[in-house]
Amino acid sequence: MTMLSLLGAGFERMWDPWLLVMCFAGTFAGTLVGVLPGLGPSAAIAVLLPLTYGADPLVALVSLAGIYYGAMYGGTITSVLLNVPGESASVVTTYDGYPMARQGRGGAALGVAAIGSFIAGTLGLIFLSVLAVPLSTYALDFGPPEYFAVMVLAFVMVSSLARGNMIKCFLALFLGLLLSTVGQDVVSGETRLTWGSLELVDGVGFIPAVVGMFGLAEMIHDLINPSEFVATPTSKIKLRDVFLTWADFRRTFGAMMRGGLLGFFVGVLPGAGATIASFLSYGLEKRLSKTPEKFGTGMIEGVAGPESANNAASSGAFVPLLTLGIPGSGSTAVLIGAFIILGITPGPRLMTEHPDVTWGLIASMYVGNVMLLFQNILLVPLFIWLLRVSRNIMPVIVSTVCVVGVYSVDNSMSDVWLMLIFTALGYGFRLAGIPGAPLVIALVLGQSAEYSLRQSLVISMGSPAIFFTRPICIVLFAIALACLLWPLVRDRLRGLEETE
Amino acid sequence: MLGRVQSLGAERLIALLLIIFAVAELYAALQLSVSAEFTLGPGAMPVIYSVGLLIFALVLAIWPAQKAPPVIENPVDVEEEPVVIGNYRIGVITFVLVAVFVASIYFVGFFGGTAIFSFLYILLVLRWSVIKSAAFALVWGGALYYGFDRLLGVQLEPGILFGS
């Protein structure tokens, strides 16, 4: 089947009113999550993940994915109106968005962000649709050695490209890998590292880990480091201000397209993600501008480019997720967990085994982008009102939903206690500046990586040469090595430049 | 500056805890067989991972970020977030209240636990009036219980006091 017919079948499924309702609910919740500082998309997906347990996989995934890309839209609102980025990918939007709001052009900033996000998000989805079929066909040739190599690549990229010191990233990665080995060994059936605990025989649960690390820990961090939230005249906006003028649209169209292209390709790389895409786009627009010195004072291109880039990056992140089963960030790791919990294994066989789910999900993202465009133009005053009203009681809602939600997955109080341990660990990580994403990704993929490695060795009768005689493996390991060495080479080059 | 000093202390504390954890896991992993016919045994990867964790935790403990030798910066410079000392109290209170909430579930079940937690949090932290706090706690506790227990069919713990 061609891409168009598969996508058409996906759209046909999206005519289900229930799916449309869930798509709206997901994108609305995502925008709200983006609006609320301190609660990121990974936290929201983690918190709401238990609620989807037992639901139809497509319904669940449509709403969870809606939260993910919806958050990219919502983060703009507070960045522009309150100078408070709702999530990290919108930090750069404050540079020019907030000055625009202070000059009385907050509506235009929000309008250009919504339209740019829509154009770039749709552009990203077109790339995703076009690339998904050939990549997954190619990925069907993957055997255990290739799987192992691609997971090693994901681990290395996430750790070397992720935010923060590389030592801390690898520390988190190895902790996640070690935790993934707890429980019954998939090959021999022996129990490992359980210290006699029956609760750990099934392993360290993924949901308690992500809900603790991204849900409760982030909420506590936000309570301790509250963002300044002051109602100012800039936070009041009229609906008609949000509609873009033709002059503004013409001026920013190039920035939107460049942001879309850049964002998509950055989003495909594991470990890079929407935040880096938005910063790179801002840098690009500043470099291309005839008046770079005006950036930071309310340049509309400084909003259009980054906002387009972060939305396209969220579409790009679905390429490795759907075709290889590789998450590129904490949020997509949580989404992978959702796939697995719903009984679907993301990866090369996803397109052939569950084409209805895959293409239904992709189609829902097109629909969701249209919904988000309208939500972010028409519902801005509602989101601001909800931000004011719900912010104080958010800790009560998040804590109780986390506890009840984690319990509901396996009816297990041990999971709830485990979640509290991960909350303490997650907060400790935040304080120490250790990223949580490598840990979560390792926890999700660790067992599969180990299984692929051991299976490969069985195939080769114990010879590790199997990894160095297969072309795909060699290419993947070479890229992994390059990613590992690149920061060292870059620092060395910088050092040489400085001495000259 | 204060945030940086705290981060330094947190780095060392986390690193030390992870060293202890890695050593304990390494000891447990070494009790397992590391090789099997044509492949690795169940203990091999835990040994490799715990050694890796141990090495990185040791590096972090000895050279915390401020003095870390090969400083490999992130591709995007992100400003350090300021840490406000006074608010730690709210964070600690919230964490303790959540822990008490979880423990209370064994006795008063999910509905009772949720209502008590919500009431105490709103009263102590948000400083709403007793009546408003109690009203919100009952409504929220009831809504959550109804949503999960009745609508989603999750069998929530009724607790020792209310269980039949």
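**Student:** I'm lost on the overall build of chain B in this one. Help?
**Tutor:** In terms of regular secondary structure, chain B is built from four helices and two strands. What you see in chain B, going N to C, is helices and strands ordered as α-β-β-α-α-α. Restricting the contact set of chain B to residue pairs at least 6 apart, pairs at least 24 apart contribute 57%.

**Student:** Just to check I follow, could you spell out the overall build of chain A for this structure?
**Tutor:** A count of helices and strands for chain A gives 21 helices and two strands. In terms of overall dimensions, chain A is globule-like: its C-alpha atoms have a radius of gyration of 22 Å, near the 23 Å expected for 500 residues. Dimensions of chain A, computed from the C-alpha atoms along their principal axes, are close to 70 × 55 × 55 Å. Burial status across chain A gives 64% buried among its 500 residues. Sequence-distant contacts in chain A: of pairs separated by 6 or more residues, those separated by 24 or more amount to 79%.

**Student:** Help me understand the confidence of the model for chain A in this model?
**Tutor:** Residues shown with low pLDDT carry predicted positions that ought not to be read at fine detail. With 94% of its residues at a pLDDT of 70 or more, chain A has an overall mean of 83. Element-level mean pLDDT values for chain A span from 75 in helix H17 (residues 380–390) of chain A up to 92 in helix H8 (residues 166–180) of chain A.

**Student:** Looking at this structure, how should I read the interface of chain A and chain B?
**Tutor:** How big an interface is tends to be expressed through the accessible area that disappears when the partners come together. At the interface, 58 residues of chain A touch 61 residues of chain B. Every element with two or more residues in the side of chain A that touches chain B is listed here: H8, helix H9 (206–224), helix H11 (273–288), helix H18 (394–410), helix H19 (413–432), helix H20 (437–459) and helix H21 (471–499) of chain A. With nine residues, the single largest contributor to the side of chain A that touches chain B is H8 of chain A. Across the side of chain A that touches chain B, the residue classes tally to 35 nonpolar, 15 polar and eight charged.

**Student:** Help me understand the packing of helix H4 (residues 57–82) of chain A against H17 of chain A, please; the structure alone is not making it clear to me.
**Tutor:** Relative placement of two packed helices is described by the angle separating their axes and the distance separating the axes. All names here are of chain A. Put simply, H4 and H17 touch, their axes get as near as 11 Å, and they point 80° apart. Our classification of the angle between H4 and H17 gives roughly perpendicular. Here Gly74, Ile77, Thr78 and Leu81 of H4 come into contact with H17, specifically with Val380, Phe383, Ile384 and Leu387. Across the contact of H4 with H17, the residue classes tally to six nonpolar, two polar and no charged.

**Student:** Teacher, can you tell me more about the nonpolar core here?
**Tutor:** When a protein is soluble and globular, its nonpolar side chains tend to lie buried together. Residue and element names in this part refer to chain A. Ile45, Leu61, Leu64 and Leu171 are the most contacted members of the largest nonpolar core, which totals 222 residues. Per-element accounting of this core gives the leading share, 17 residues, to H4. If we skip the residues at most four places from it in the chain, Ile45 touches Leu64, Ile67, Tyr68, Ser331, Val334, Leu335 and Ala338.

**Student:** What am I meant to see in the environment of Ala43 of chain A here?
**Tutor:** For Ala43 of chain A, the position within the fold is in helix H3 (residues 41–48). It is 8.1 Å that separates the C-alpha atoms of Ala43 of chain A and Met213 of chain A, two residues lying 170 residues apart in sequence.

**Student:** Just checking my understanding: could you explain the packing of helix H10 (residues 246–268) of chain A against helix H12 (residues 301–316) of chain A for this structure?
**Tutor:** Residue and element names in this part refer to chain A. Relative to each other, H10 and H12 sit at 35°, their axes nearing to 6 Å. The handedness of the crossing between H10 and H12 comes out as right-handed. Here the residues of the contact of H10 with H12 sort into 12 nonpolar, 12 polar and two charged.

**Student:** I would appreciate a short explanation of H3 of chain A in the present structure.
**Tutor:** Note on helix geometry: an α-helix contains 3.6 residues per turn, so any two residues three or four positions apart are oriented the same way. Residues and elements named next belong to chain A. Of all the eight residues making up H3, eight are buried; the element is thus mostly covered by neighbouring parts of the structure. Those residues of H3 lying buried are Pro41, Ser42, Ala43, Ala44, Ile45, Ala46, Val47 and Leu48. On its buried face, H3 sits against helix H2 (17–35), H4, H9, helix H14 (330–341) and H18.

About the thresholds
- Residues numbered from 1 in each chain as written.
- Chains lettered and ligands numbered in written order.
- Predicted model: local features only at pLDDT ≥ 70, side-chain atom pairs only at ≥ 80, totals over all residues.
- Helix = DSSP H or I, 4+ residues; strand = E, 2+ residues; numbered from the N terminus.
- Contact = placed C-beta atoms within 7 Å.
- Rg over C-alpha atoms; globule rule 2.2 N^0.38 Å.
- Buried ≥ 20, exposed ≤ 12 C-beta atoms within 10 Å, placed from the backbone.
- pLDDT = per-residue confidence, 0-100.
- Nonpolar A, V, L, I, M, F, W, Y, C, P; charged D, E, K, R; others polar.
- Axes fitted to C-alpha atoms, helices over the stretch in contact; angles between N-to-C directions.
- Parallel < 35°, antiparallel > 145°, perpendicular 65-115°, else oblique.
- Core = buried A, V, L, I, M, F, W, Y, C linked by C-beta atoms within 7 Å.
- Left-handed = near helix turned anticlockwise from the far one by under 90°.

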